[in-house]
Amino acid sequence: MQLSKRVTAVLSASLLTLACQAVHAADSLNFVSWGGTTQDAQKAAWAEPFSKSTNIKVVQDGPTDYGKLKAMVESGNVQWDVVDVEADFALRAAAEGLLEPLDFNTIKRDRIDPRFVSDHGVGSFFFSFVLGFNEGKLGGNKPQDWSALFDTKTYPGKRALYKWPSPGVLELALLADGVPADKLYPLDLDRAFKKLDTIKKDIVWWGGGAQSQQLLASGEATLGQFWNGRVYALQQDGAPVGVSWKQNLVMADFLVVPKGAKNKDAAMKFLANAASAQGQAEFANQTAYAPVNLDSVSLLKPELAPNLPTAYAQEQVTLDFAYWAKNGPAIATRWNEWLVK
């Protein structure tokens, strides 16, 4: 009889613990992104309204770290619930079994631009790599396309390029070398690196948005490859910078849920909110990054239109995320070797 009471007590305590854990799981979730103004906008456009409507607290964390995400999943100790990642990583991570499949009963997949949704990820936003330039350094001589980066006589000065081996730099080099947009893939790596060799000594590499803005606004770099939202922010601050949208290179961030996330159900609700027409429009209106929801366009500020990739669809080159998901690691090895030569 005494033993039975003890077992009952243990079982009751266990059930109480599980109940408390379930309540805790519904109380909060961890959101991880890249920091800076982008994450500030994600907090304002998504996290705060979501918390008000659901009473689920969204704890901000970051920056995104792919190695850390993988280590968490493999160890079974996943501290992150929703993570903002680049599109090619989202596809690669899904193939490696690192992500939860998304709940499309909760998330409205049919209203998402098909370029920016997969079984394991939904677009956070999409953006363009654009040709940005410092008008003060160029004296009214405005570059028109990526070929300007390689014309150091007409456009002297340093070139600012994204330092990571991900979609963008190799493609713009090939476009500048005359490769038609519809013939980019598979990438001719020898040709791309040979083209980049011609300006290697003139390149200043940037790894984050704030650094890219500083390079351009200060004139340390005369022109270069930039995220469109960062150029827009500089213009809003009155910096003497211009932009060319010709051959703008479309890239996207995806929102994913790591395999084994502790608050998976809450994470799916958060994704549904972030990918909704209103959520995407709110974020776009703050950042000039484009919405992935097809119903968001009518909700955008009219004056924002000239600063969004959606206004330049005819001039766009959408980067091949699947190609990079498959070939990115091998390209990264060659890229890193090239950088130190």
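Remember, it's a predicted structure, so these values are computed and weren't measured experimentally.

**Some details on the confidence of the model for the protein chain**
Model confidence for the protein chain is summarised by a mean pLDDT of 91, while 92% of its residues fall at 70 or above. Across residues 1–25 the pLDDT falls below 50, and counting only partners more than four positions away or on other chains, this stretch makes 4 contacts in the model.

**Focus on the domain arrangement of the protein chain**
When its domains are assigned, the protein chain resolves into domain 1 (28–126 + 253–311) and domain 2 (129–250 + 315–340). Put simply, the middle of domain 1 and the middle of domain 2, counted by C-alpha atoms, are 26 Å apart. Taken together, the contacts link 19 residues of domain 1 with 19 residues of domain 2. Carbon and sulfur atoms supply 56% of the area buried between domain 1 and domain 2, which totals about 1,500 Å² over both sides. Applying the counting criterion to the domain 1 and domain 2 interface returns 7 residue pairs in polar contact (both at pLDDT 80 or more). At 4 residues, helix 4 (residues 87–95) tops the list of elements feeding residues into the side of domain 1 that touches domain 2. Here the residues of the side of domain 1 that touches domain 2 sort into 10 nonpolar, 5 polar and 4 charged.

**Observations concerning the packing of helix 6 (residues 169–176) against helix 12 (residues 321–339)**
Relative to each other, helix 6 and helix 12 sit at 85°, their axes nearing to 12 Å. Our classification of the angle between helix 6 and helix 12 gives roughly perpendicular. For the pair helix 6 and helix 12, contact is made by V169, L170 and E171 and by W324, I331 and W335, respectively. Across the contact of helix 6 with helix 12, the residue classes tally to 5 nonpolar, no polar and 1 charged.

**Description of the nonpolar core**
Counting 103 residues, the largest nonpolar core has L29, F129, L170, L196, F270 and L271 as its most contacted members. Ranked by residues supplied to this core, first place goes to strand 9 (residues 241–256) with 9 residues. Viewed by domain, this core spans two of them, domain 1 (28–126 + 253–311) and domain 2 (129–250 + 315–340), each represented by three or more residues. When residues no more than four places from it in sequence are discounted, the contact partners of L196 are F150, L161, V169, L170, A173, I203, W335 and W338. The next biggest cluster of nonpolar side chains, apart from the first, holds 7 residues, and it includes Y232, A281, L304 and L308.

**Comments concerning the environment of L271**
Along the polypeptide, L271 turns up in helix 10 (residues 264–274). The exposure class assigned to L271 is buried, which follows from its relative accessible area of 0%. Once the C-alpha coordinates of L271 and D103 are considered, the two residues, 168 residues apart in sequence, prove to be 9.5 Å apart.

**What to know about unusual backbone geometry**
With an omega dihedral of 0°, the bond running from G62 to P63 counts as a cis peptide bond. Looking at the element boundaries, P63 is found in the loop between strand 2 (57–61) and helix 3 (66–75). Here Y185 and P186 are connected by a cis peptide whose omega angle stands at -5°. Along the chain, the position of P186 falls in the loop between helix 6 and helix 7 (189–197). Of note in this structure, N55 is not a glycine but carries a positive phi near 65°. Positionally, N55 belongs in the loop between helix 2 (36–54) and strand 2. Its relative accessible area of 68% is what places N55 among the exposed residues. The residue A288 is not glycine, and still its phi comes out positive at about 70°. Mapped onto the fold, A288 is located in the loop between helix 11 (277–287) and strand 10 (316–318). For A288, a relative accessible area of 0% gives the class buried.

Cut-offs used in this document
- Residues numbered from 1 in each chain as written.
- Predicted model: local features only at pLDDT ≥ 70, side-chain atom pairs only at ≥ 80, totals over all residues.
- Heavy atoms only, no water.
- pLDDT = per-residue confidence, 0-100.
- Contact = heavy atoms within 4.5 Å.
- Domains from an automatic or database assignment.
- Buried area = accessible area lost by both parts, 1.4 Å probe.
- Polar contact = N/O pair within 3.5 Å; in protein donor to acceptor, adjacent residues only side chain to side chain.
- Helix = DSSP H or I, 4+ residues; strand = E, 2+ residues; numbered from the N terminus.
- Nonpolar A, V, L, I, M, F, W, Y, C, P; charged D, E, K, R; others polar.
- Axes fitted to C-alpha atoms, helices over the stretch in contact; angles between N-to-C directions.
- Parallel < 35°, antiparallel > 145°, perpendicular 65-115°, else oblique.
- Core = buried A, V, L, I, M, F, W, Y, C linked by side-chain atoms within 4.5 Å.
- Buried < 20%, exposed > 50% of the residue type's maximum accessible area, 1.4 Å probe, protein only.

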